[in-house]
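# Residue-level structural notes
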Amino acid sequence: MKLVKKASWTGVSVLLAASVAVTACGNSNNGNSAEGSASPSAQSTGSASSTASAPSTASDLPPAELTWYYLESTQQADLKSVEAEVNKYIKPKLNATVKLKPIAGSDYEQKMNTSIASGEPFDLVWTSDWRFDFNSNTQKGAFLELDELLDKYGQKLKASLPAAAWEDMKVNGKIYGIPNYQIAAKSAGFVVQKRFADKYHLDPGKIKSYRDMEPFFEQIKQNEPGIIPFGINSDFFEARAYGVDYFNKMPHKTVDGKVTVLDQFTMPEYKQHVAMAHEWYEKKYINQDAATLKNKADVEKTGVYASTFDYTQKPGGEAAAKAGNGGNDVVFVPLVEPLFTGVTASITAVSGTSKNPERAVMLAELVNTDPTLYNLLAFGIENKHYTKIGDNTIKVNPSAGYNPGMNWVMGNVTIGYLTEGQPADTWERTKQANDSAKKDVLYGFKFNVESVKAEEANLKAVESEFKKVLDTGTVDPDSYLPQYVEKRKKAGLDRYMAEYQRQVDEFLKSKGQ
Amino acid sequence: MKSASVPRFSKMLVHLMFILVSIAMIGPLLLIVSISFSSESDLLRNGYSFWPRVFSLDAYAIVLKAPKVIAQAYGVTILVTIAGTIAGLFLTATTAYAISRTNFRYGRIGTFYIFFTMLFSGGLVPSYILMTQVLHLKDTLWALILSGLLTPFNIMIMKGFMVKVPGEIIESAKVDSAREWTIFFRIILPLSTPALATLGLFISFNYWNAWFPAMLYIDNPDLVPLQLMLVRIMDSIEFLSQNEQMLSQMGSVQANFPALSARMAMVVLAAGPMLIVFPFFQRFFVQGLTVGSLKG
């Protein structure tokens, strides 16, 4: 039985690996041809309607049925009634109906890759930088270029978001996605349980560097048996805390207007950082299973970590962190100023195989600018799936069959309702934080890995061997860091960095014009 | 005296070895069952143990939260497994029988044709296009059944077994004026029972454990088989426990979510029925296992 099972699992994994390889090859051809065939039609419909009628009179357009794939957390039993309600609402406005096709997170990437490779027709699709990658799928030609379509059919949508958001949707200078606008100002720092911060008089304002945390860790270590001062299971290196610019995990420096990207692992700051991490590890400030711990959240919710590290620290996020920390209040101790990290975490794109791209953009505009439609998609039907408990605050009815809990997948969260427990000014603070956050000089840059794919794969392989044990301080950097640097050199680091630098130069040149 | 003690010693050694191997296999299984019945907070504090220190049914309560949905998923899986195994076994046997007959002119080329697909298959994207855009079987149970119907490897095993049936039996049946179907059903199939049982087990395991075709082809929640559903529940557990924003929206109930034990409860639910089915096949299984090794 065991043997049989094992054999079949191996079979499945082999099959998976093979299918991934096949999709990868299939994609480039198929995607390109899809784009090639779709873009002329987009242009022709565009020019046809611009001469015939203004885009505002949508009812003159022939009826259309759109298909929208997006991410869902768990299956929603009452999706049908929400879909019916949505269609009732958009039909008179767009003369179109939409088929909502939510896909479970575990299936999303594989299913969309296969669907795109096979050239299946659909219209709107959710994408991001962490699942079903926006950048690489755009390079493959999976999505339609939107500049013209937005100017013709989505002016209101375009005006509703800051220019910086659209800038981040650009790949090779063209817009390929519609951001689902949410918090984008992020700062890295410690998350400390309030009960310990108060007891040992930790002043968040006084923490300016990693080392400033040491007295606090020492006190926890001495006085709180069973409590681990600092719980991690990945890196906690933020180059900006050492005064080096850091964007998309790529450190870089600007001298006389010339931007140079740096290799993180040969930087003296990194060496200093992992040496400190190792010291902390030896002193047992850091949990001893940091390098092997699979799911930190499982342990974190028991409240044994006095502090953790976090790269987001968004406004109002303390409430969320509290839930993850077993109900203990937390305080944020940011090490750096917030940085506008972009809006690629949740995007809606128009598929290259769309038969009605203009209607797809119009629907996206409506979802992102009309709170009625947006709230319907994000929270369901009023008094059935939720009840209003304030001006703009709702209480979700968890047993009514529609509670996706993923408002950030559907559209601009700042036009929607707040859920119980979120402060009333959350959206104002979100917008303000986004607007006031600094932008890195490389903001909007998307690395095209195509020409250094082999090097990237090699570097990844080396990384899996060394990075985690170094980052968590588990091993002595004096003996392991030189080995790591040496192996990265052999893996083709120089070529990779040269290509990165070349693309950065090109990007900055095109931006300067 | 001496000659008698040596075999006894070596016998003990063999027994010892198999006892160790058995423990290595049964141990993890017991651990899984034990974890699935343990309380989450105890697991996090004290780690795993072979006997639940703090007994809890929370994990099963979570996984079986929607019993109707789980029952439906079981139903889909059982239906697909039974239909797929019967149809698959029949087609495997008929195909293998045809290419195993020495007086069949295309026997060799047929064998090669089937063998060739073991080395080079069409791949995922073409089969997806075939299933969705040519056959239009997306969102039907056919997509689940057809995708696992014939496996070249199984046909080869079956052929290897049938080739050994002496041609004289077929000849003499012909002399007794039996026609091809009679020969196949009355003579060949009864002679192949061990091979049929073994392959039946293989095929049914394949259908029972298959989640990939369902992931690709099934959107309708009513047609989701058990394995895919468990994969999804698993993923949403991970997603929930890593997405703090969502946790806060769901309230404190989710914060105490039994992530570790729920995972193991799912394994028990997914593997359990097959553990019961297996002993029925076991009688044939030992005999059938040698089928593969003797081919060629």
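Residues numbered from 1 in each chain as written. Chains lettered and ligands numbered in written order. Predicted model: local features only at pLDDT ≥ 70, side-chain atom pairs only at ≥ 80, totals over all residues.

## Digging into the domain arrangement of chain B
Applied cut-off: Each domain's limits were defined by an automated method or a database of domain assignments. For this classification, the nonpolar set comprises Ala, Val, Leu, Ile, Met, Phe, Trp, Tyr, Cys and Pro, the charged set comprises Asp, Glu, Lys and Arg, and every other residue, Gly included, is treated as polar.
The assigned domain composition of chain B is domain 1 (2-36) and domain 2 (58-290). Classifying every residue of the side of domain 1 of chain B that touches domain 2 of chain B gives three nonpolar, one polar and no charged.

## Considering the sheet that holds strand β6 (residues 178-179) of chain A
Residue and element names in this part refer to chain A. How we decide: Strand pairing is defined by DSSP finding a minimum of two bridges between the two strands. The way it works is that DSSP assigns letters per residue, a run of H or I at least four long becomes a helix, a run of E at least two long becomes a strand, and they are numbered from the N terminus. By the convention adopted here, residues make contact when the C-beta atoms placed from their backbones lie within 7 Å. All axes are obtained by fitting lines to C-alpha atoms, using only the stretch in contact for helices, and the reported angles, taken between N-to-C directions, cover 0 to 180 degrees.
With respect to topology, five strands assemble into an open sheet ordered β2-β1-β3-β16-β6, the strand pairing being mixed. On the outer flanks of this sheet lie β2 (96-104) and β6, each paired with one strand and no other. Together, β1 (64-72), β2 and β3 (124-127) form the strand contacts of helix α3 (residues 105-117), whose direction differs from that of β2 by roughly 115°.

## Remarks on the pairing of strand β13 (residues 305-310) of chain A
Residues and elements named next belong to chain A. What counts here: Working definition of burial: number of other C-beta atoms within 10 Å of the residue's own, with buried at 20 or more, exposed at 12 or fewer, and partly exposed in between, all C-beta atoms being placed from the backbone.
Within β13, five of the six residues are buried, leaving the element largely enclosed by the surrounding structure. Sheet topology places strand β8 (residues 189-193) next to β13; four bridges connect them, and they run antiparallel. Within the sheet, the bridge partner assigned to Gly189 lies in β13 and is Asp310. For strand β9 (residues 228-231) and β13, the ladder comprises three bridges, and the chain directions are parallel. Counted as the bridge partner of Phe230 is Ser307 from β13.

## A closer look at the sheet that holds strand β18 (residues 393-396) of chain A
All names here are of chain A. With mixed pairing, the three strands of this open sheet are ordered in space as β17-β18-β19. The sheet is open, and its two borders are formed by β17 (386-388) and β19 (418-419), each paired with just one other strand. Alignment of β18 against β19, held across two bridges, turns out to be parallel. The residue bridging Ile394 from the neighbouring strand is Thr419, located in β19.

## So, helix α14 (residues 371-379) of chain A
Residue and element names in this part refer to chain A. For α14, a buried count of seven out of nine residues is recorded, marking the element as mostly surrounded by other parts of the structure. Packed against the buried residues of α14 are α2 (79-94), α13 (357-369), β17, β18 and α15 (407-410). Positive phi appears at Gly380, one or two residues downstream of α14, with a value of about 95°.

## Points about the packing of helix α8 (residues 152-162) of chain B against helix α11 (residues 193-209) of chain B
Residues and elements named next belong to chain B. Under the convention used in this document: Working definition: roughly parallel below 35 degrees, roughly antiparallel above 145 degrees, roughly perpendicular at 65 to 115 degrees, and oblique for all remaining angles.
As a packed pair, α8 and α11 sit with axes 10 Å apart at the nearest point and diverge in direction by 175°. As far as their axial angle goes, α11 and α8 are roughly antiparallel. In this structure, α8 contributes Asn154, Ile157, Met158 and Phe161 to the contact, and α11 contributes Ala195, Leu199, Phe202 and Ile203. Taken together, the residues that form the contact of α8 with α11 break down as seven nonpolar, one polar and no charged.

## Things to note about unusual backbone geometry
Positive phi is not limited to glycine here, since Lys284 of chain A has a value of about 65°. When you line up the elements, Lys284 of chain A lands in the loop between α10 (268-282) and α11 (296-300). Located in the positive-phi region is Asp139 of chain B, a residue other than glycine, with phi close to 65°. Tracing the backbone shows Asp139 of chain B in the loop between α6 (124-134) and α7 (141-146). You can call Asp139 of chain B partly exposed: it has 14 C-beta atoms within 10 Å.

## Quick word on the confidence of the model for chain B
Interpreting fine coordinate detail is not advised for predicted regions of low pLDDT. Residues and elements named next belong to chain B. Defined as follows: pLDDT measures the predictor's confidence residue by residue and takes values from 0 up to 100.
Taken as a whole, chain B shows an average pLDDT of 82; of its residues, 86% reach a score of 70 or greater. Within chain B, helix α15 (residues 252-255) has the poorest average pLDDT of any element, 43, and α7 the best, 92. Here residues 245-255 is a poorly scored stretch, pLDDT under 50, and it has 23 contacts once near neighbours within four places are set aside; other chains count. The ipTM value of the predicted complex is 0.71, and its pTM value is 0.76.

## Side note on the pairing of β18 of chain A
The alternating pattern of β18 of chain A places Ile394 and Val396 of chain A on a buried face, while none of Thr393 and Lys395 of chain A, on the opposite face, is buried. Linking two consecutive strands that pair antiparallel, namely β17 of chain A and β18 of chain A, is a turn of four residues.

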